[in-house]
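Examination of the molecular architecture
In case you want the letters, here they are:
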Amino acid sequence: MINGTELDLSTNWPYSLIDGNLVISEPSQARDSGRYQCQAHNSIGTVLSRDAQLQFAHLANFSGRPRGGVSVREGQGVVLLCAPPPHSPEISYSWVFNEFPSFVAEDSRRFISQETGNLYISKVQPSDVGSYICLVKNTVTSARVLSPPTPLTLKTDGVMGEYEPKIEVHFPQSELAARGMTVRLECFALGNPVPTITWRKLNGNIPKKSRLRKSQAVLEIPNVQLEDSGTYECKAENYRGSNAFRGQLQVYTYPQWLTVINDTQLDSGDVLQWECKATGRPRPTYRWLRNSAPLLPQDRVEIMSGELIIRGVRPADSGMYQCVAENKYGTIYSAAELKILASAPTFRQSPVQLVATLGKNVSLNCKPRASPKPVITWRKGDRRIQPSKRTLLLRNNTLRIINSSRADEGSYVCRAENQFGLAEMTTILWVKEAMRVEVSPARVEVTVGESVVLTCKAVHDPSLDVSILWMRNRQPLNFHQQGGHFEFIQTQSSSADLMIRNVLLKHAGKYGCRAQTSGDTVFAEAELLVRGPPGPPGIVIVEEITDTTATLSWTRGVDNHSPIVAYNLQARSPYSLGWQAVRTDPPHITGDMESAVAVDLNPWVEYEFRVVATNAIGTGDPSAPSSVVQTQEAVPSVPPTNVRGGNGHRYELVISWEPVSEEFQNGKGFGYIVAFRANGTRGWKEKMVTSADSTTFKYRDETFPPLTPFEVKVGVYNNKGDGPFSQVVTIYSAEGEPREAPTGVKAAVVSSSEIQVAWRSPEPGPGKPYGYEVSYWKDSVEQEQSAGKLRTQGNQTSIVLMGLEGNTRYLVTVKGYNSIGQGPASVAVQATTLKPPPDRPPSNLMWIQEGDNVSLGWEPVKAMDNESEVIGYKVLLRQESRNHSQVIQSRGPSAMLTLPEGGAYIIEVRSVSKGGEGAVSAQVRLLTSSGVRAKSGQLPLRSPLWGTAWTLLLLLAALVP
């Protein structure tokens, strides 16, 4: 339905219905705007959905008519009107100054109202002169339109004097807002000087969640609630005066359900009473619908606000009902089905056989299905049963027989009748002897790990079958979930055993046997006590703590039927590997004690304690840990270990040690005392090292020669006092960096990229080098500071410099080094690398193959002026499937090769010069096997010398035997 009128969906356009959804093709504002409501119906009834409003977003263009200019005095306030075009829904405003995209910036002097779109300037300045354009943006479609420009000019007849504020922008005197939305209250004033805006709430405080925007011209209240309602005041003031505005904020709420109606089934003739309640502001009103039609008061129908009463309901009253709660801001619906039952009596089964126990009470049920409720009568045989002391007719139509006897056996008929018909159900009653059951043994004690058998035996009427169920603590035993500890053993039809293997502590309890026949259920129990290790002791309390002791107390745990003979104390600290046993006073804690003293603890360490109990069977689980406590501080008692020294710079004495673990620092302010004296002297020099993590101390004295022996010891201290010193050790002062430079430095050229450098070690003495550093750099091009460096270690006195540039002079120096530093450098020596080898490979490779012999030739390589002369060639022969290569040296451009065995071979050739090896030729690939006849081949011809080289190759081939 649209606006209360049902839509015609018989045509396919423009409306169609898909799975209950209304689809509108090519919607138009003129035809389709409005409120929509869905009506759903089936065989039970009809209901209406809540409303849905369809709106179309649009934004028209501004009128094209030019706008008149505005002229004001400097210092005067001005309002520039936006006059927005028609639009839907909300729009936002901004102003362009002179040209797009230069926008007007809002501050304490300029304000753009998002309610009217107008631009307010409280005090005009010369910089404000220009053209102003109002820009309007649709918040849904993001479409934007620009107004015609409004020129703003200054009058020349003088400057506006100062005047008190005048509020031009304010919120309505009565502002309505829905709960949960964000409220924006605007307030802006013209004035000279520029006014200041302040806010307050009368009879209360402005909500803490509020925010002030745009130089306090906007008060923003997010998620507004009912308690935010009230009178708000904005005040504009300057030193010429003030002005204020007050307005009322009223918060409304949409209806919300407190109580809804639910589906209900009633018998014909019953009374329906439904009530629905909703909250809202203003308070909602109610109306009722039946199958989407209004329900009005009638002779049987009463409607009082949200309450509906229908007396004497009939099948015609069945259907869908809706309670509608609404106020001026919204409407909500609650729907429920009313179903009226009307049927003749029926029974699920008949006859029913029932077995009772002699001397006990028995109940015969009569529960027909019928609507309305039927009239019930009982009879035995042809005799109607009347209530008596032994025969009771209960309110739920059950027939109860007290102290049943054999005479009560027989057929009982329950008759049910209402206005739609009648039905009967027969119950055949048998009365049998009572059953007895016993469990043996009635009480048994076992130790953890042992096994036990409990026997259940029932005595019952032989005409009845009996079933036996074992239970533990009145809960049925699930034999599949007990880890194989329990087994049910059926010995006879009326007896069954319960086997419990490898008994655990948790198996203790009461075990019951329930025997059941169709007429009786009997239960008997036996108690199983399990002896085992003790349970965990109770909470551990630290009663007193010193630097090395802790007085502990605890409460006894369960002994599991074996007396506790001893307790053990355990402790854990950040420095222990888990829980460790601690020494105690007394050393042995007997089972009747509940306190002891832990001794030999470390001072200033955090500890947790727990207690473990032991009895004749074993040791139980530990108690829960105590709270964490810290022992008191004490003087350190552990000195550093592994005091040693050495290295360091010249004139330094370096002393090192293993730091004392925090576990043994015993208190705050921990540090070290380093004591030392030169051998043969009497007084000790002591130095304080305040860092507990320090491991090294350096002492410098230029009066001591290198390698002077010192006696050294290191002690400890903290805020409580000084602790012990380590044992005295002898440490030598540093020998210093090397003193002498290497001698006999020589640089020999190896190739165009390599120079071998050799030297002699300096005379032995203080500052022995650990190795040598060789520096090299290009003469007249590089500085020594940018030299390349290579280091040797130990006694090595030569090194090969590689990767150098060819035909280049280098300067080389050598200096010794050790852990202290570097010694002086030797005198620089010179060496010039050879010219580089030719960068062109041998070309025009030719060969003749005769069996396993190959005659190979190529065109010679000729060196350029800047290259080393060729002195020969290297031929590389490699079998394709192997990594091993064979090298053949040749002075000229030919070689004779023998292929060792059958297979594929790769041949490469490169030139050799004093400057090194040249570029490698293209590869030749040959195949050979025994008995192959002569073959010849060539690589592409590249030179006019090819004919001569080929003649030479034929001559070499002729010499092959």
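Scoring rules and cut-offs
Residues numbered from 1 in each chain as written. Predicted model: local features only at pLDDT ≥ 70, side-chain atom pairs only at ≥ 80, totals over all residues. Heavy atoms only, no water. Disulfide = S-S within 2.5 Å. Helix = DSSP H or I, 4+ residues; strand = E, 2+ residues; numbered from the N terminus. Buried < 20%, exposed > 50% of the residue type's maximum accessible area, 1.4 Å probe, protein only. Salt bridge = Lys/Arg side-chain N within 4 Å of Asp/Glu carboxyl O. pLDDT = per-residue confidence, 0-100. Contact = heavy atoms within 4.5 Å. Pairing = 2+ DSSP bridges. Axes fitted to C-alpha atoms, helices over the stretch in contact; angles between N-to-C directions.

1. Here's the deal with the state of the cysteines
With the rule as written, the count across this model stands at five disulfides. For Cys 276, the disulfide goes to Cys 323, at an S-S distance of 1.8 Å. Measuring the twist about the S-S bond at about 45 degrees, one finds the Cys 276-Cys 323 disulfide to be right-handed. In this pair, Cys 276 sits in the loop between β26 (272-275) and β27 (277-281) while Cys 323 sits in strand β32 (residues 319-327), placing the two residues 47 residues apart along the sequence. With a relative accessible area of 0%, Cys 323 lands in the buried category. At a sulfur-sulfur separation of 1.7 Å, the disulfide partner of Cys 456 is Cys 513. Judged by the sign of its S-S torsion, about -55 degrees, the bond between Cys 456 and Cys 513 is left-handed. In this pair, Cys 456 sits in strand β46 (residues 452-459) while Cys 513 sits in strand β51 (residues 509-516), placing the two residues 57 residues apart along the sequence. Looking at Cys 513, the relative accessible area reads 0%, which means it is buried.

2. Looking at the pattern of salt bridges
Applying the stated criterion across every chain yields a total of 40 salt bridges. Residue Asp 317 pairs with Arg 290 through a salt bridge whose shortest N-O separation is 3.7 Å. Note that Asp 317 is positioned in the loop between β31 (307-310) and β32 and Arg 290 in strand β28 (residues 285-290), a separation of 27 residues in sequence. The buried category is assigned to Asp 317, whose relative accessible area is 5%. The exposure class assigned to Arg 290 is partly exposed, which follows from its relative accessible area of 24%. Each of the salt bridges in this network shares a partner with another, and the network as a whole consists of Arg 184, Glu 186, Arg 211, Arg 213 and Glu 220.

3. So, the confidence of the model for the protein chain
With 94% of its residues at a pLDDT of 70 or more, the protein chain shows a mean pLDDT of 87. Across residues 930-935 the pLDDT falls below 50, and counting only partners more than four positions away or on other chains, this stretch makes ten contacts in the model. Long-range and interchain partners of residues 940-961, a stretch whose pLDDT sits below 50, account for 30 contacts in this model, where long-range means more than four residues apart.

4. Focus: the sheet that holds strand β42 (residues 410-418)
Here we have five strands laid out as an open sheet, ordered β35-β43-β42-β38-β39, and mixed in their pairing. Edge positions in the sheet fall to β35 (352-357) and β39 (383-384), since each has one partner strand and no second. Strand direction decides the pairing type here: β35 and strand β43 (residues 421-432), joined by six bridges, are parallel. Bridge pairing in β43 places Ala 356 opposite Val 431.

5. Observations regarding the sheet that holds strand β12 (residues 110-112)
Pairing in this open sheet of three strands is antiparallel, and the strands run β9-β13-β12 from one edge to the other. Looking at strand neighbours, the two that pair on one side only are β9 (78-80) and β12, the edges of this open sheet. Going from strand to strand, the sheet's axes swing by 15 degrees on average, the running direction of each strand aside. Strand direction decides the pairing type here: β9 and strand β13 (residues 119-121), joined by three bridges, are antiparallel. When the sheet's bridge partners are listed, Val 78 is paired in β13 with Ile 121.

6. Overview of unusual backbone geometry
With the exception of glycine, most residues fall at negative phi, and the peptide bonds are largely trans. Put simply, Ser 371 and Pro 372 share a cis peptide bond, and its omega is -5 degrees. Within the secondary structure, Pro 372 sits in the loop between β37 (369-371) and β38 (375-380). The linkage connecting Ser 440 with the following residue, Pro 441, adopts the cis geometry, with an omega of -10 degrees. Here Pro 441 is to be found in the loop between β44 (436-440) and β45 (443-447). Backbone geometry places Asn 291, a non-glycine residue, at a positive phi of 55 degrees.

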